[in-house]
Amino acid sequence: MSSDVRSVIDNGKTAIGIEFGSTRIKAVLVDEKGKVLAQGGHGWENQYENGVWTYSLDMIWDGLQSAYADLLKDVKNRYDTVIKTAGALGFSGMMHGYMAFDSSDNLLVPFRTWRNTITEQAANELTEAFGFNIPQRWSIAHLHQAILNKEEHVKDISFFTTLAGFIHWKLSGEKVLGVGEASGMFPIDSSSKNYNDKYLDKYDEILSENGVSFKIRDILPEVKIAGEAAGALSEEGAKLLDISGNLEAGIPMCPPEGDAGTGMVATNSVAVRTGNVSAGTSIFAMVVMEEPLKKLHREIDVVTTPVGDDVAMVHCNNCTSDINAWVGIFREFCKTIGVEIDDNTLYTTLFKAALNGAPDCGGLVGFNYFSGEPVTGFDEGRPVFARAVNSDFSLANFMRLHLYSAVSTLKAGLDILFQEEGVKVDRMYAHGGFFKTREVSQRIMSAATGGPITVMETAGEGGAWGMAVLALYLMKTGGSVSKSAVTLSDFLDNVIFANEEGITITATDNEIKGFDDYMKVFLDSKSLEKSAIDVLKER
């Protein structure tokens, strides 16, 4: 068997997907059916420097090379061979953010990630000017805020892009983005599958009013849809990626996508009336819509699938960080009393305890905000846990509260989407680290959404696998979607997920009502979070 796989690898009948997540860079090698053959990874954390969440260029390149080297190590251990070529290659990363370059390709300011909530004025101005929601984390909001702040570097901007776009550019020479990733930089027109011309023209007027000489079209990456050719791995790129020197140049590269797009692919939710929830360090839900939203909602973004269809997206900056911090306290307690316990057992035990909690958490309430949450109106965050004296303070309710807290802000946005806008969903899939303890997390999420939640077996592979699948789709189309009879949705249904059913869980009516009751307390308690922000200053 290993010799058969070795032949597949040696003959380049594979695809490689690499995704830059918030805490981990993951590399995946798959065969032509999407089966994972090997994988590698590298842990990293963003840095808070001079009021900005960032990753340095050294961290980016060291992380990429480390993750790929770890993939090579896995290939060597499993199949006693090395990767010299592949059928296609693709890169993904955290959406949004801001990487601006001058005409000599120098990075002008440190990378500003999606996590920064420092663009409120710009986001508000652009939303009003366009009549289209521009969230703080979007690239155009970062650019406009830099202009409003009269930052010195603005006059030198020749090009700006996202993290995925940067990696793709440096490895291929192509300044392009997949349409889904591009939709987190600037609004997309789903009919043209390109930037919205009306808003581009409007923003050029705004640039002129602010004394800026460049045109917005001149500094944005070119937009590509899934299945279109987006360049090939250059000689320089091959050396940057594989420090062992074995990887050959010329591998076709698919359009770089964001973690939202790869999440849609990894959960087979690119078709209309499908949706998915991705929950890890951040959490977001996406629903592919039949028609545009009736009105503007600041809580809901409109982005696109990797083929350019409109998607309603509720994005929240915080999810599992506070849970991890509390689990760390339990871990420390176990160590103090001399009990050896592995992380998997610890997390599983605590998560399962939550199932015995009251549906409304027994009067406990909390905010998991490590950073700001625009959905609920906060530019900063402080983790808060509170209870009344007569609340039912038990381990079960405590853990249930923290699982609720991880998804409460998302639920606030989804309630607008489902109840006010009447958006319909036939299938809702879930993936990400939050769902590792499947029954518990799925049940909590089902209570939040009011419908069934499905986790696919392959969803655990995450965004890097989704990116590899997009690379496979490029192999299928040969780089020309117009000449291919196979749509991305058909490719996922008939090739990648042909024998995949997944596990579906539906919350009880009592659990759904309990979460709704909890949400009333949560939303009425926002003054607690505001007070914490005002009183507890960062050290």
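Going by the structure above, here's the rest.
Residues numbered from 1 in each chain as written. Predicted model: local features only at pLDDT ≥ 70, side-chain atom pairs only at ≥ 80, totals over all residues. Heavy atoms only, no water.

Undergrad: So what exactly am I meant to see when it comes to the overall build of the protein here?
TA: Scanning the protein from N- to C-terminus turns up 18 helices and 22 strands. For 539 residues, the compact-globule estimate of 2.2 N^0.38 gives 24 Å, and the C-alpha radius of gyration of the protein, at 23 Å, lies within 12% of that figure. Across the 539 residues that make up the protein, the buried fraction comes to 58%. Sequence-distant contacts in the protein: of pairs separated by 6 or more residues, those separated by 24 or more amount to 73%. (Helix = DSSP H or I, 4+ residues; strand = E, 2+ residues; numbered from the N terminus. Rg over C-alpha atoms; globule rule 2.2 N^0.38 Å. Buried < 20%, exposed > 50% of the residue type's maximum accessible area, 1.4 Å probe, protein only. Contact = heavy atoms within 4.5 Å.)

Undergrad: How do you make sense of the sheet that holds strand 3 (residues 36-43) when you look at a structure like this?
TA: In a beta sheet, neighbouring strands pair by backbone hydrogen bonds and run either parallel or antiparallel. Strand order in the open sheet made by the five strands is 3-2-1-6-13, with mixed pairing throughout. Strands with a single pairing partner mark the edges of an open sheet, and in this sheet they are strand 3 and strand 13 (257-258). Pairing geometry for strand 1 (residues 14-20) and strand 2 (residues 24-31), over seven bridges, is antiparallel. For Ile16, the partnering residue across the bridge sits in strand 2 and is Leu29. Across the face of the sheet, helix 1 (residues 2-10) comes into contact with strand 1, strand 2 and strand 3 while running at roughly 70 degrees to strand 3. (Pairing = 2+ DSSP bridges. Axes fitted to C-alpha atoms, helices over the stretch in contact; angles between N-to-C directions.)

Undergrad: Sorry, what's going on with the state of the cysteines here?
TA: What we call a disulfide is simply a covalent bond connecting the sulfur atoms of a pair of cysteines. In the structure shown here, the tally under the stated rule is zero disulfides. Free of any disulfide, Cys361 has its nearest cysteine sulfur in Cys319, 15 Å distant. With a relative accessible area of 0%, Cys361 lands in the buried category. (Disulfide = S-S within 2.5 Å.)

Undergrad: Would you mind showing me how to read helix 10 (residues 259-266) here?
TA: One full turn of an α-helix is made of 3.6 residues, so residues set three or four places apart face in the same direction. Helix 10 sits mainly inside the fold: eight of its eight residues count as buried. Those residues of helix 10 not exposed but buried are Asp259, Ala260, Gly261, Thr262, Gly263, Met264, Val265 and Ala266. Residue Asn268 follows helix 10 closely and has a positive phi angle near 55 degrees.

Undergrad: What exactly am I supposed to notice about the pattern of salt bridges here?
TA: When the charged atoms of two side chains lie near each other, side chains of opposite charge can form a pair. Using the criterion set out here, one finds 23 salt bridges in the structure. The salt bridge involving Lys76 is made with Asp80; its shortest N-O contact spans 3.0 Å. Put simply, Glu290 and Arg273 hold a salt bridge, and the shortest N to O gap is 3.3 Å. Highlighted residues: Glu290 in the loop between strand 15 (283-288) and strand 16 (301-304) and Arg273 in the loop between helix 10 and strand 14 (274-279), separated in sequence by 17 residues. On the accessibility criterion, Glu290 (55% relative accessible area) is exposed. Judged by its relative accessible area of 25%, Arg273 falls in the partly exposed class. Salt bridges here are not isolated pairs; linked through shared partners, they connect Asp197, Asp201, Asp204 and Arg217. (Salt bridge = Lys/Arg side-chain N within 4 Å of Asp/Glu carboxyl O.)

Undergrad: Looking at this structure, how should I read the pairing of strand 3?
TA: Regular strands have side chains that alternate between both faces of the sheet. As paired elements, strand 2 and strand 3 share seven bridges and run antiparallel to each other. For Val28, the partnering residue across the bridge sits in strand 3 and is Gln39. Where strand 2 hands over to strand 3, the hairpin turn is made up of four residues, of which Gly34 adopts a positive phi near 90 degrees.

Undergrad: What should I look at first to understand a nonpolar patch on the surface in this one?
TA: There is a patch of nonpolar side chains on the surface, built from Phe333, Ile337 and Val339 and spanning about 280 Å² of accessible area. Here Val339 shows up in the loop between helix 11 (321-336) and helix 12 (343-354). A relative accessible area of 39% means that Val339 is categorised as partly exposed. (Patch = residues over 30% accessible without salt bridge, like charges linked within 9 Å, V, L, I, M, F, W, Y side chains within 5 Å. Areas by Shrake-Rupley, 256 points an atom, 1.4 Å probe, with all protein chains shown as cover.)

Undergrad: Looking at this structure, I do not really get the side chain of His297. What am I missing?
TA: Structurally, His297 is set in the loop between strand 15 and strand 16. Overall, His297 belongs to the buried group, its relative accessible area being 5%. When sequence neighbours within four positions are dropped, the list of residues in contact with His297 reads Asn133, Ile416, Glu420 and Glu421.

Undergrad: I keep staring at the packing of helix 1 against helix 2 (residues 57-79) and nothing clicks. Help me out?
TA: How two helices sit against one another is set out by the angle between their axes and by the gap between those axes. In contact at an axis separation of 9 Å, helix 1 and helix 2 are set at 140 degrees when each is read in the N-to-C sense. Judged by the inter-axis angle, helix 1 sits oblique to helix 2. For the pair formed by helix 1 and helix 2, the contact residues are Ser2, Val5, Arg6 and Ile9 on the first element and Val75, Arg78 and Tyr79 on the second. Split into classes, the residues belonging to the contact of helix 1 with helix 2 amount to four nonpolar, one polar and two charged. (Parallel < 35°, antiparallel > 145°, perpendicular 65-115°, else oblique. Nonpolar A, V, L, I, M, F, W, Y, C, P; charged D, E, K, R; others polar.)

Undergrad: So what exactly am I meant to see when it comes to unusual backbone geometry here?
TA: What is expected of a backbone is that most residues other than glycine have negative phi and most peptide bonds are trans. Despite not being glycine, Lys150 has its phi angle at roughly 55 degrees, a positive value. Following the sequence through the fold, Lys150 ends up in the loop between helix 4 (139-148) and strand 8 (159-161). A relative accessible area of 73% means that Lys150 is categorised as exposed. Its identity as a non-glycine residue notwithstanding, Cys361 has a phi of 70 degrees, on the positive side. Relative to the helices and strands, Cys361 resides in the loop between helix 12 and strand 18 (364-367).

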